Structures are given as C-alpha cells and as structure tokens.
Amino acid sequence: MRKLMATALFFGAIIGSAQALPLAPVPTAPNADIIKVAGGCGEGWHRGPCGGCLRNYANPAAHACPRGYHIGPNGGCRGNGR
C-alpha cells in the first residue's frame, strides 16, 4: 500500500507541475487564400448607414452629397450625426 501511495504521489507531483511553465503559442502566418474586403461588399464598395453596400468615390466631386452629409432614406442629403 505504501508503494502505491508513493507512486501516486510521485506521478501527481510530475503531472501537477506540467503546467507550471507553459510554452508560448507559436505565431502562425496569415492564410494567403483569404481576401480581405471592406464589410463584405467587395473592393471599391463599403457598408452604408442602413447596412447596404455603397460605392467608394475616388473623386470628391463625384459624391452625391457634400462632405459632412450622407444620402438619407428618401434620397436627400442629411447631415452626419443627425
């Protein structure tokens, strides 16, 4: 019985100390098969205020509304934050 207790104590000490100094996780390289897109709309598009996809404009003069405004629910320009 003493040998069994000594063996259990010995293995308990070994197993219990196994997590005393865990190894750091190995950083993995990003997967080259994944294409990052803006909000799921694709390249050249972004998510609008109601969740729909809107085209990105490279030319500021091509915007439907001036800077600081966005297209509202009825198609008119509304100020941002209102």
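Attention here is on the structure that accompanies the text. Just so we're clear, the structure is a prediction, and the values are computed from it rather than from any experiment.

Definitions and limits used
- Residues numbered from 1 in each chain as written.
- Predicted model: local features only at pLDDT ≥ 70, side-chain atom pairs only at ≥ 80, totals over all residues.
- Heavy atoms only, no water.
- Disulfide = S-S within 2.5 Å.
- Helix = DSSP H or I, 4+ residues; strand = E, 2+ residues; numbered from the N terminus.
- Buried < 20%, exposed > 50% of the residue type's maximum accessible area, 1.4 Å probe, protein only.
- Patch = residues over 30% accessible without salt bridge, like charges linked within 9 Å, V, L, I, M, F, W, Y side chains within 5 Å.
- Areas by Shrake-Rupley, 256 points an atom, 1.4 Å probe, with all protein chains shown as cover.
- Salt bridge = Lys/Arg side-chain N within 4 Å of Asp/Glu carboxyl O.

1. Some points on the state of the cysteines
Logical step 1: The final tally for this structure, using the stated rule, is 2 disulfides.
Logical step 2: Through a disulfide, Cys41 is tied to Cys53; the S-S separation comes to 2.2 Å. Because the torsion about its S-S bond is -85°, the bridge between Cys41 and Cys53 counts as left-handed. Separated by 12 residues along the polypeptide, Cys41 in the loop between helix H1 (2-16) and strand S1 (45-47) and Cys53 in strand S2 (residues 53-55) bring together distant segments of the chain.
Logical step 3: A relative accessible area of 15% places Cys41 in the buried class.
Logical step 4: One disulfide bridge connects Cys65 with Cys77, the sulfur atoms lying 2.1 Å from each other. Between Cys65 and Cys77 the sulfur-sulfur dihedral comes to about -95°; the bridge is accordingly left-handed. With Cys65 in the loop between S2 and strand S3 (69-71) and Cys77 in strand S4 (residues 77-79), this residue pair connects regions lying 12 residues apart in the sequence.
Logical step 5: A relative accessible area of 41% means that Cys77 is categorised as partly exposed.
Logical step 6: With cysteine numbering restricted to those in disulfides and following the sequence, the chain has the pairing 1-2, 3-4.

2. A word on a nonpolar patch on the surface
Logical step 1: A contiguous nonpolar surface patch, about 410 Å² in accessible area, is contributed by Met1, Leu4 and Met5.
Logical step 2: Looking at where Leu4 falls in the secondary structure, it is placed in helix H1.

3. A short note on the environment of Gly81
Logical step 1: Turning to its location among the elements, Gly81 is positioned in the segment after S4.
Logical step 2: Separated by 12 residues in the primary sequence, Gly81 and Tyr69 have C-alpha atoms spaced 8.9 Å apart.

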